[in-house]
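One-letter residues, chain by chain:
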Amino acid sequence: MNDTARNHILVDYPRDCWYVVATAAEVGYGFTARRVLDTSVVLFRLSDGAIAALEDRCAHRPYPLSAGHREDDFIVCGYHGCTYDATGRWVSVRSQDNPPSSARVRAFPVVERGPFVWIWAGTPGGERLRPPPATPWLHGDGWTSVGERREVAASLQVLHEHYLDLSNVVAMHPEMVPPGIEALPPLEDVEVSEVSVSYRRELPEAPLAPWEAEVTGLDDATVSASFGRTETGTFVTPGLHKQTYSIIGATGPALELVRTHGFTPRSSGVTHVFLQISWRGASVSPDIGKQLIEVFHAMADRDIAVLETVQRCLDEDPMPRRYVNVKADRAAVRARRILTAMVEDERGV
Ligand code: FES
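How each quantity is defined
- Residues numbered from 1 in each chain as written.
- Predicted model: local features only at pLDDT ≥ 70, side-chain atom pairs only at ≥ 80, totals over all residues.
- Heavy atoms only, no water.
- Helix = DSSP H or I, 4+ residues; strand = E, 2+ residues; numbered from the N terminus.
- Rg over C-alpha atoms; globule rule 2.2 N^0.38 Å.
- Buried < 20%, exposed > 50% of the residue type's maximum accessible area, 1.4 Å probe, protein only.
- Contact = heavy atoms within 4.5 Å.
- Areas by Shrake-Rupley, 256 points an atom, 1.4 Å probe, with all protein chains shown as cover.
- Lys, Arg positive; Asp, Glu negative; His and termini not counted.
- Charge placed at Lys NZ, Arg CZ, Asp CG, Glu CD.
- UniProt positions renumbered as here; feature names shortened; annotations may be inferred.
- Domains from an automatic or database assignment.
- Buried area = accessible area lost by both parts, 1.4 Å probe.
- Salt bridge = Lys/Arg side-chain N within 4 Å of Asp/Glu carboxyl O.
- Polar contact = N/O pair within 3.5 Å; in protein donor to acceptor, adjacent residues only side chain to side chain.
- Nonpolar A, V, L, I, M, F, W, Y, C, P; charged D, E, K, R; others polar.

- The chain is annotated in an unreviewed UniProt entry as Vanillate demethylase oxygenase subunit of Gordonia malaquae NBRC 108250.

1. A short note on the overall build of the chain
Step number 1: Each helix and strand in the chain was counted, giving seven helices and 17 strands.
Step number 2: In terms of overall dimensions, the chain is globule-like: its C-alpha atoms have a radius of gyration of 23 Å, near the 20 Å expected for 349 residues.
Step number 3: Along the first, second and third principal axes, the C-alpha set of the chain runs to 75 × 50 × 35 Å.
Step number 4: Considering the chain as a whole, with its 349 residues, one finds that 50% of them fall into the buried category.
Step number 5: In the chain, once contacts between residues fewer than 6 apart in sequence are set aside, the share between residues at least 24 apart is 58%.
Step number 6: On the chain, roughly 16200 Å² of surface is accessible, and the fraction owed to carbon and sulfur atoms is 52%.
Step number 7: Mean positive and mean negative side-chain charge positions of the chain (35 and 46 charges, respectively) differ by 6 Å.

2. Structural notes on helix α2 (residues 156–163)
Step number 1: Across the eight residues of α2, eight count as buried, placing the element largely inside the fold.
Step number 2: Residues of α2 that are buried include every one of Leu156, Gln157, Val158, Leu159, His160, Glu161, His162 and Tyr163, and no others.

3. So, the UniProt feature "domain: Rieske" (unreviewed entry) in the chain
Step number 1: If you check UniProt for "domain: Rieske" (unreviewed entry), the listed places come out as residues 18–119 in our numbering.
Step number 2: Helix and strand shares over residues 18–119 are 0% and 41% respectively, and the end C-alpha atoms of the span are 6 Å apart.

4. Points about the environment of Leu257
Step number 1: Summarising the element assignment, Leu257 is placed in strand β16 (residues 252–267).
Step number 2: Taking the relative accessible area as the measure of exposure, Leu257 reaches 4% and is therefore buried.
Step number 3: Separated by ten residues in sequence, Leu257 and Ile247 place their C-alpha atoms 8.5 Å apart.
Step number 4: Once you skip the residues sitting within four places of it in the chain, Leu257 turns out to touch Trp211, Gln243, Thr244, Tyr245, Ile277, Ser278, Trp279, Leu292 and Phe296.

5. Some words on the domain arrangement of the chain
Step number 1: According to the domain assignment, the chain contains domain 1 (25–121) and domain 2 (136–347).
Step number 2: Placing the centre of domain 1 and that of domain 2 at their C-alpha centroids yields a distance of 35 Å.
Step number 3: If you look at the interface, domain 1 gives eleven residues, while domain 2 gives 14 residues.
Step number 4: Counting the surface lost from both domain 1 and domain 2, the interface buries some 1000 Å², and carbon and sulfur atoms represent 66% of this.
Step number 5: Between Arg149 and Glu26 there is a salt bridge, with the nearest N and O atoms lying 3.2 Å from each other.
Step number 6: Where domain 1 touches domain 2, the interface holds four residue pairs in polar contact (both at pLDDT 80 or more).
Step number 7: If you list the elements that add at least two residues to the side of domain 1 that touches domain 2, you get β2 (32–36) and β10 (116–120).
Step number 8: Per-element accounting of the side of domain 1 that touches domain 2 gives the leading share, three residues, to β2.
Step number 9: Partitioned by chemical class, the residues of the side of domain 1 that touches domain 2 number five nonpolar, one polar and five charged.

6. A word on the pattern of salt bridges
Proximity of charged atoms lets side chains of opposite charge pair with each other.
Step number 1: Tallied over the full model, the rule gives 17 salt bridges.
Step number 2: Residues Arg347 and Asp12 are paired through a salt bridge, measuring 2.8 Å at the closest nitrogen-oxygen approach. Pair noted here: Arg347 is in helix α7 (residues 330–347) and Asp12 is in the loop between α1 (3–7) and β1 (18–23), with a separation of 335 residues, a long-range link.
Step number 3: Since its relative accessible area comes to 54%, Arg347 is described here as exposed.
Step number 4: On the basis of relative accessible area, Asp12 is assigned to the partly exposed category, the value being 27%.
Step number 5: Notably, a salt bridge pairs Glu231 with Arg201, separated by 2.8 Å at the nearest N-O pair. Of the two residues, Glu231 is situated in strand β14 (residues 227–237) and Arg201 in strand β13 (residues 197–206); the sequence distance between them amounts to 30 residues. Arg201 carries the same exposure label as Glu231, and that label is buried.
Step number 6: Look at the salt bridges and you will find they share partners, linking Glu26, Arg34 and Arg149 into a network.

This is the structure we're talking about:
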């Protein structure tokens, strides 16, 4: 891989990876149709509570199964009535006694874990080599979460790079920055493995920003003190980014926040974003979810506007261009190399 390749934005994404296809709440008796990894998928919940995920194209003609209907745990195509079971096997056809032998649609492995439903749409059988990433902060151990799904007209790589360099927060989201802090400190630790990148930094002590005072639930006497903060960001897999933000007072953490992004390519230039905000803290009100999702939804609006503009600029560039990196880009550059290596590996380059 040469430097030009490393500095240019990918126009592809790894397929051999678990990605979030839906939230658990989105999948019920009815069909949830979603396009992921340039593939149409239909999801539905079976009578035993498990989730089936089939390619959303009938094997007979190019017609979406999600336009059909259910009969118990079977899915009936709305065009000529061919019926499939939850494993994708074509079990009956109205016009003859038996369907063509071995006719089927692809069934995708899915794992439901906390708020996320993960899908493996890569090389068949590859899912047995690695499970979806563990996300214990999304389900249990004192954590509470709220979430939303967005669709962003930008590539997987553009999104990962953005969220691995939060030095943009001061310029883009000044209301989120504690009073008196004019620039985020440099990344102290950037840890890299073959498949993941993480960084950590500490902020100097400062009073609480208004949003922090609101969500920590601290009383008026305490809220005027200064607090430390630690922030971490991790490229866990191509499908998952985790950012933590802890506000630490004299007696320990006042609030621990985790912002989780499930990033799932719809195509090379469009990405589903499954955002979850998780929190725990002794004085935090149990109903701060509404405030938190409002705060982070507004942040996401501004992020999305910039990310889609970046993607437009990339698409307009007729030739690969070398962009100049600064120290704050260390983690993002490593993530880009991992993504590029994964894509090249899948292509056999
Ligand atoms: S297209 Fe589905 S049964 Fe014909």
